[in-house]
Each structure stands twice: as C-alpha cells, then as structure tokens.
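Listed below are the residues making up each chain.
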Amino acid sequence: MLSVRGVTKKYGKLIANDDVSFEINSGEISVLLGPNGAGKSTIIKCIAGLLKFSGNIYICGNENKSILAKRDLGYIPEVPALYDMLTVGEHMEFIARAYSLDNWKEQAEQLLERFELGDKKKKLGSELSKGMQQKLSICCGLLPNPKLLLFDEPMVGLDPHAIKELKNLIVERKQEGNAILISTHMLDSISEFWDSTNIMMDGRIAARRTRKEIEGSQENLEALFFHITEGDKT
Amino acid sequence: MKAMSYLLITQLKNRILSIKKKPAMLILYGVILIVIVGSLISMLVFDQEMQMPSFADERIMYLILTGFGLLYLYIFTTSGLSTGSTLFSMADVGLLFVAPITSKKILAYGLISSMGKALLTAVFILYQVVNLRVQFGYGIKEIMALFIIYAILVLISQLLSIAIYIFSNGNPLRKNLVKTVLYTAIAAFVIVVLVIQQKEQLGVLEAAFKMVDSKWFEYIPVVGWMIMFFKGVVDGVLIYVLLSLTFFLVMGILIISLLTIGSADYYEDVLLSTEVTYQTLQAAKEGRRVQRSSNRKIKVRIEDDGMIKGSGAITLFYKHILEMKRSSKFIFIDGYTIVVAIGVGIAGYNLKSSEAAYAILVVIIYLQFFLTLFGRLKMELLKPYIYLIPEKSIKKVVAASMTSLLKPCVDAICIFTVLTVVGGADPMTSIFLALAYSAAGAVFVGITILYQRVLKGQPNRFVQVFLGMSLLIAVMAPAIIASAIAAYLLPDSLLFLCTLPFTIFCSLFAFLMFLACGNLIDKSEFTGKL
C-alpha cells in the first residue's frame, strides 16, 4: 500500500530524513516513533507530497505526487489547518467537492456526530477551539475514505471522548483494509492497536519491529524506544 | 526587579547576538546605520555651506504632527474600545503573569520594553534627515525633537488604549461615552477650522495652518503638547519643553495609576488584547489577514448554503467566493474598491484632464500591486488542501487565482465608471484604462505565481525581494514602453488606444506565466509559511 524507498530530505545543510525506507501493507497500522526532531513529521509530509525529497514514495503503486496517489491518501496534520471563513459543514462540502465524492453527506454527518461536531455545523473555523479544530481536521482527512491514512500526532489536543472515537475509527479503517501510518511520541496512545513500528532517530530509521516480534521476544517497546533514543543513559 | 532587568537585558543581548547568524540582517542594519550616520555627518559638514533659498512653511510640520497625533489617537482609542492595546507578549502572559512578581513591577517592565520598541520604530524619522533638512532647514536638534515626540506619542497612545479598554470593557454606556468624546473631539477640530475659514475668509488649508499655529492649540492634550514641545525645542524656549513634558508625564502617571490603584487587576484586561495582538502578529508572519476587531461578528446566513459548487479544482474558486462574501456583502466590491473609487472620483473631478486620467491609472495600478501580493492563491499555499486535492496542478493554480483575476476587472468597472461620471473622463478612454488596469492585475497574479515558483526556494529574503522586483520590472517595462510609443505615434483622435499595447502585453505575459508555472503545486513545498 505504501512504499517509502531511500527518501532523503534536506533543509540546507540539515538532513531531516536520511535514506529512510519502509513499507506498510493493507490492513496494517504502522507507528512512527521517535523523539522531537527525529524527522517523523518530515517523512509524513514527504509521503503526503507536501515536500520535495530525493528517493521514491509509492502509494498503491502510484508515485505519491500523482493524482491517482492523492485520491488514495488522507492526511491529518499535526496542527489543524482550517479556513477561518468556512463553517464546519462547509469544510466537509469543500473536501467532498474537491475530491469529487458522491453520496458523501451521510458519511460526513456520521463523522461529525462521532466527533461531537454535529451541532456545530454552522460554526466558522475561526470560532472553533483548538480541540474542535483538530476534530474537524480529522473529519476532513477521513471523509474521502482514503486507502492510506497519515496521522501526525493525532491525539494532541483531543478530549477523552474524541481520543476514544479516533482509536475506534483507526481500528475500523484497518479492518476495512486501509493502511494507517501514525506519527507520535506518545507510546501509550497507540499501545492497543499498533501492528508495526519504525523508531526514528536523527532522521534515520533506527529500529523496526512488528507486534509479533515484540510479543515473541519478550522485548519491551518502551524499553527499546528509550534504549535507541537515550542510549546508555537509561 | 532582578528577574525583570535580567529579562530585558538578556532579550536585548540575544537579539543583538542573533544578528551574527543572519548576515543579510547584519548587512541591512549596517546599511541603515551608514545611511543615518552619513546623513547626519553630511548635514553637520555642509550645514554652514548650504544656503537654501527658502524653506517650507513650518506650519506644514505642525499640521503633519497634528495629523499623525490624531491618527494614532484614533487608532488606539478604537482598539481600546474593542480589544485594547498591549505592552506584553504571549510569553510575558504565560511566564511573567504567573510568576511571584508584583503586578507593578511587571507593568514597569512592560512600559520599559514598550518604550524601547517605540524608540526603535521611531528610527524611520532619522531616515528623513536629508529630506527634513532640505524642506524645512531642520538640524539635529529639531530631528531629535521629532524622534522624541514620536516615541512619546506611541507610548501614550498604547497607555491610553489600555486605559480605555479597562474603563469601557463590558460597559456599553461607557463605550458610547468614549465614542462620543472621540467623535466630538474630531468634529471640534473640523468645526474650528471651518469657523476660522469663514471668519477670516481663508482657504481650508490656510485655516488649518492657522489653527495648529495658534497659542491655545498648544494646550490641547497630546497633539497640542506635541507642537508645544517641538516649538519649544525649535525656538529654544525651555519652559515650553518642560511644560509639555510635564503634561505628558502627568497624563502617563494618571493612566498608570488607573492600572495599578486599589484592587485593579490589569492581567485579565491585557490578556485578551495580548492574545489578539499575538494572533495578528502570527497572521502577519504567515501573510494572512486577520479580523483585528472582535466587534465584527461574521454571520453565517442560510443563503450561504450551497455556495460551494463545482467538483475538483474549481471548488477552490467557489470557496473563495464564499469567503469573500463573508468579508464583504458585495463579494468583489470591498472597502478597497470604494475608497479607491471615491479617491479617483475626487481626483478626476478636480484635475479634469486626459493626462490626469493616465496619472490616476498609474497610481491605482501601483496600489493594486500591494493588494495582489497577498492574493487568494498565496493564502491557499499556506494550507495543505491545495496540495492534496487530486487534480492537475495547473487546474488548481488557475482555480485558486480566479478571484484574484476577476477582482481587478470588477474594480476597474467601478473605478472608471466613477471617473467617467464624476470626473468627466472620455468614456472610450475610461474603457481602455479599465482594460489596462485589469490586465495589470493579471500580470501581478502571474508574477506572484512566478515568484512562488522560481524564488520560493531562495533562502535569502532580500535576494528574493530584489529578484522579485527585477522580474516585475522586466515584465512590465516592455508593456509600458509599447504604450509610450503608441502614445507618441497615435493621432489625437485615437489617443484613447494608447493603453492597448500595455493591455495586450500584460495579458500575454500573464498567460505565459500561468502556462510556465502551472506546475507550481507539484514543484513547490508546503511549509505553512510565505
């Protein structure tokens, strides 16, 4: 579903991603772990086609910047990016039309209801609290039913109800065969449902494990994370 | 006070040290310093030799001071009626307000840092050294006086804004009282000028000169004190200087007392204004325009339903139309259109010549350039959606630019209709001027795209601006030259066609720029910044 091959991203002299490669299959929830500044958000943005990079990224076999790839992609940014002058309902309509979706209204209603935005459809983007903006941003990302979902720190700013709903949604989408990539440094938030993980450090993939490997080897994900990110300090 | 002084000094130190890491800024500051010092030295050296035939009427300076003073007082008073001004940053709110430091000390810190910033912004006056010397014959003494006056005005205005906010916040009666006082004061100035005009049979400007030069005017709060201070410095009358400074001091102390006496808790009062200022600054950094006043509530109307139409990239255009409708009832006709149309009407009515119509075109094209700088496409590039929408880049670029292309056309119709009806311009000339204005708008949109496509990756801001301006000149120059040649060659009866080459060139260039940079979305990066 997602294939990242030898991606390097530089900002001037700073190497944000250094020869990063990994794959995610259908029905897999993969987690990008790493401390702040490890390059998680950068690789997510590269996959979303928002940044230039060297290397190759394929979504469902299509080059990630192609229109076909964009149709299969949903991106939920770390900082919600909404239009101040559009209401909650209009954001959904805009996304539906921009992605040329059919019969989207029912799903939009369901998403808004699940994230407790159903009664806020007439509220402008600028009138929403930070948490509500994040919820709407998630709804916008999910509405086109993408085959690949990219979440960049999705739980930040959400209330417990929204966190629960988001977790349920992620699991539902996985069961529907979608591939999901979540970038986070909150290990607890993904402990229940992750399938594979790539731990990033200094722009590189420092380790990768599957849930089966961890469970079979008595290795502890948290201990592994700290061992990689803090070395001998732990 | 240790923490406060540490904060002030460390911030100042770090600001200076940070320049080391920004060579372009270092060069800029160096150039500014050289210009200022060079101007001052040349003024000192050649002061004796320069024999100006005559200088401008000094009352012009008094009128400029009064205008500046009134403008600042108006802006800060109205901001006081909505969100208030602020002496603090968001970091101050988050770190200082919660710290175990008395609110008076924190206020003193706010005042000192604000005064420092006011002095820094006043540096622009020093740029005018040569100008002020040539026009008014001013030396260092007078220029320093203007420098001090500006800094005091900024500080007093900020304090006044906070005071008005505290006095009127949540109290409609008091808000109305402040508004009444404000508008009465403005009306009083106008009435006095008109009375002098009628009484002494003078022109309006001459009457205004007489008012600002009169003795009683020097005792009018703030604007009058500014003139008293300036006259005191210019004429070397120490008592005037001291008296005006005392007035300012007393006013400042009174406002600060209002902030600190009794149980007055200014934290809550400045919190909102600090947040609003922070959002405005953030928006400015990102190139967004923000609703500064919290008074204006955007209404979401039922008829707005279904305004987003289309499918695919064109949805961006309909979204822009909806956003514009929320900003202005008449969508394309906004405050800019009205102000420019009125200005053009007045200019056309007073000047009444065909040359004036072309001069007006030049001025409004110049204004239009700044309007286009932050066009809708540029705003769209600050959000990820345009990159994610599964459509061809060229379609998205065109759709996101469409309102920016249409706005100059609508503006042109309004503006040149006014010029024809009120200013009496020849209708044919107006039609071709309107076409030229619209075509210039298309070029500016094209330049924005070209700029984003070619220069966005250039890390140096100054190089960006320099190359951007060079691009603009390179594109506009052939169009202007072509029209100049046409004006020279055409007979008088066909002179109205002289802007046509400009229009054709601009349209062609705009088309080519769209064609060449249609892949902008595919080739540029989303950074969330401009």
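Given the structure is predicted, the values throughout are model-derived calculations rather than measurements.

> Looking at this structure, how should I read the overall build of chain B?
Tallying secondary structure elements over chain B gives 23 helices and 0 strands in all. Buried residues in chain B amount to 32% of all 530 residues. Contacts spanning at least 24 positions in sequence make up 73% of the contacts within chain B whose residues lie at least 6 apart.

> Is there a simple way to think about the overall build of chain A in this case?
Looking only at helices and strands, one finds 9 helices and 10 strands in chain A. The buried share among the 234 residues of chain A stands at 48%. Across chain A, every contact between residues at least 6 apart in sequence was considered, and the portion connecting residues at least 24 apart equals 70%.

> Where do I start with the packing of helix α14 (residues 315-327) of chain B against helix α19 (residues 393-421) of chain B in this structure?
A pair of packed helices can be characterised by two numbers: the angle between their axes and the separation between those axes. Residue and element names in this part refer to chain B. Following both chains from N to C, one finds α14 and α19 inclined at 20 degrees, their axes separated by 8 Å at the closest point. Considering their axes alone, α14 and α19 lie roughly parallel with respect to each other. For the pair α14 and α19, the crossing hand works out as right-handed. Residues Leu 316, Phe 317, His 320, Ile 321 and Met 324 of α14 touch α19, and the partners they reach there are Lys 396, Ala 399, Ala 400, Met 402 and Thr 403.

> Even after reading the chapter, I still don't get the environment of Leu14(A), so can you show me in this structure?
Residues and elements named next belong to chain A. Along the polypeptide, Leu 14 turns up in strand β2 (residues 14-24). According to the C-beta neighbour criterion, Leu 14 is exposed, with 9 such atoms within 10 Å. Note: C-alpha distance between Leu 14 and Gly 203 (189 residues apart in sequence) is 9.8 Å.

> Is there a simple way to think about the sheet that holds β2(A) in this case?
Residues and elements named next belong to chain A. Read from one edge of the open sheet, 4 strands run β2-β1-β4-β5, paired in antiparallel fashion. At either end of the open sheet lies a strand with only one pairing partner, and these are β2 and β5 (62-63). The sheet contact formed by strand β4 (residues 54-59) and β5 spans 2 bridges and is antiparallel. Its bridge partner being in β5, Tyr 58 is matched across the sheet by Glu 63. The strands touched by helix α1 (residues 40-47) are β1 (2-11), β2 and β4; relative to β1, the strand with the most contacts, the crossing angle is about 115 degrees.

> Explain the environment of Val88(A) here, please?
Residue and element names in this part refer to chain A. Relative to the helices and strands, Val 88 is located in helix α3 (residues 88-98). Placed 29 residues apart in sequence, Val 88 and Leu 117 show a C-alpha to C-alpha distance of 7.9 Å. Val 88 has contacts with Leu 112, Leu 117, Lys 120, Lys 121, Lys 123 and Leu 136, leaving out every residue within four places of it along the chain.

> Whenever I open this one, the packing of helix α8 (residues 140-168) of chain B against helix α9 (residues 172-200) of chain B confuses me. Can you help?
Residue and element names in this part refer to chain B. Interhelical geometry of α8 versus α9 gives an angle of 140 degrees and a closest axis separation of 8 Å. When the axes of α8 and α9 are compared, the pair comes out oblique. Touching Ile 164, Phe 167 and Ser 168 of α8 are Arg 174, Lys 175 and Val 178, all from α9. Of the residues contributing to the contact of α8 with α9, the split by class is 3 nonpolar, 1 polar and 2 charged.

> Help me out: how do you make sense of the confidence of the model for chain A in this one?
Residues shown with low pLDDT carry predicted positions that ought not to be read at fine detail. For chain A, the average pLDDT comes to 88, and 99% of its residues sit at 70 or higher. Of all the helices and strands in chain A, helix α9 (residues 221-230) of chain A carries the lowest mean pLDDT, 81, while strand β8 (residues 179-183) of chain A carries the highest, 94.

> Explain the pairing of strand β3 (residues 29-33) of chain A to me, please; I cannot follow it from the model alone.
Within a regular strand, the side chains alternate between the two sheet faces. Residue and element names in this part refer to chain A. Where burial is concerned, most of β3 is hidden: 5 out of the 5 residues are buried. Residue alternation in β3 divides its side chains into two sets, Ile 29, Val 31 and Leu 33 and Ser 30 and Leu 32, and both sets are buried. Inspection of the sheet shows β3 paired to β8 by 4 bridges, in the parallel sense. By the bridge assignment, Ser 30 is partnered in β8 with Leu 181. Sheet topology note: the β3/strand β9 (residues 196-201) ladder contains 4 bridges and is parallel. What sits directly across from Leu 33, in β9, is Ile 199.

> Whenever I open this one, the confidence of the model for chain B confuses me. Can you help?
Chain-level statistics for chain B give a pLDDT mean of 81 and a share of 85% at 70 or above. Throughout residues 290-295 of chain B the model reports pLDDT below 50, and contacts reaching past four residues in sequence, or to other chains, amount to 9 contacts.

> Quick question: what am I supposed to make of the pairing of β9(A) here?
Residue and element names in this part refer to chain A. Here β9 lies mainly inside the structure; 5 of its 6 residues are buried. In terms of strand pairing, β9 meets strand β10 (residues 204-210) through 6 bridges, oriented antiparallel. For Met 200, the partnering residue across the bridge sits in β10 and is Ile 205.

> I keep staring at helix α7 (residues 129-136) of chain B and nothing clicks. Help me out?
In an α-helix, one full turn covers 3.6 residues, which means residues spaced three or four apart are oriented alike. Residue and element names in this part refer to chain B. Of the positions making up α7, those classed as buried are Val 129, Leu 132 and Arg 133. For α7, the angular spread of the buried residues around the axis is 100 degrees, confining them to a single face. Directly after α7, the chain includes Gly 137, whose backbone phi takes a positive value near 75 degrees.

> Would you explain the sheet that holds β8(A) in this entry?
Either a parallel or an antiparallel arrangement is found when strands of a sheet pair, and the pairing is made through backbone hydrogen bonds. Residues and elements named next belong to chain A. In space, the 6 strands of this open sheet follow the order β6-β7-β8-β3-β9-β10, with mixed pairing throughout. At either end of the open sheet lies a strand with only one pairing partner, and these are β6 (73-76) and β10. Between one strand axis and the next, the sheet turns by 15 degrees as a mean value, whatever way the strands run. Its contacts with the sheet place α9 against β3, β9 and β10, and it is angled at close to 20 degrees to β9.

> Even after reading the chapter, I still don't get the nonpolar core, so can you show me in this structure?
Generally speaking, a soluble globular protein has its nonpolar side chains buried in company with each other. Ranked by internal contacts, the top residues of the largest apolar core, which has 130 residues, are Cys139(A), Leu150(A), Val443(B) and Cys506(B). Here this core gets 16 residues from one element, more than from any other, and that element is helix α20 (residues 427-455) of chain B. Discounting residues that sit within four places of it in the chain, Leu150(A) has contacts with Ile44(A), Ile47(A), Ala48(A), Gly74(A), Tyr75(A), Ile76(A) and Leu181(A). Ile143(B), Ala163(B), Val212(B) and Leu259(B) belong to the second largest nonpolar core, which has 40 residues in total.

> Is there a simple way to think about the interface of chain A and chain B in this case?
Between chain A and chain B, the residue contacts involve 28 residues of the former and 24 residues of the latter. Taken together, the elements giving at least two residues each to the side of chain A that touches chain B come down to α2 (67-71), β6 and α3 of chain A. Counting residues per element, the side of chain A that touches chain B draws most heavily on α3(A), at 5 residues.

> Could you clarify how one ought to interpret helix α5 (residues 130-142) of chain A in this entry?
All names here are of chain A. Look at α5: 19 Å from first C-alpha to last across 13 residues, which is about the 18 Å you get at 1.5 Å a residue. Counting buried residues along α5, 10 of its 13 residues qualify, which places the element largely inside the surrounding structure. Among all positions in α5, only Met 132, Gln 134, Lys 135, Leu 136, Ser 137, Ile 138, Cys 139, Cys 140, Gly 141 and Leu 142 are buried. On the buried face of α5, the contacting elements are β6, α3, α4 (105-114), β7 (148-152) and α6 (160-175).

> In this structure, what is going on with unusual backbone geometry? I would like to understand it.
Excluding glycine, most residues fall at negative phi; most peptide bonds, likewise, are trans. For Glu116(A), which is not a glycine, the phi torsion comes out positive at approximately 55 degrees. The phi angle at Asp202(A) is positive, at roughly 50 degrees, despite the residue not being glycine.

Each value, and the rule that gives it
- Residues numbered from 1 in each chain as written.
- Chains lettered and ligands numbered in written order.
- Predicted model: local features only at pLDDT ≥ 70, side-chain atom pairs only at ≥ 80, totals over all residues.
- Helix = DSSP H or I, 4+ residues; strand = E, 2+ residues; numbered from the N terminus.
- Buried ≥ 20, exposed ≤ 12 C-beta atoms within 10 Å, placed from the backbone.
- Contact = placed C-beta atoms within 7 Å.
- Axes fitted to C-alpha atoms, helices over the stretch in contact; angles between N-to-C directions.
- Parallel < 35°, antiparallel > 145°, perpendicular 65-115°, else oblique.
- Left-handed = near helix turned anticlockwise from the far one by under 90°.
- Pairing = 2+ DSSP bridges.
- Nonpolar A, V, L, I, M, F, W, Y, C, P; charged D, E, K, R; others polar.
- pLDDT = per-residue confidence, 0-100.
- Arc of directions from axis to C-beta.
- Core = buried A, V, L, I, M, F, W, Y, C linked by C-beta atoms within 7 Å.
- Expected span 1.5 Å × (residues − 1).

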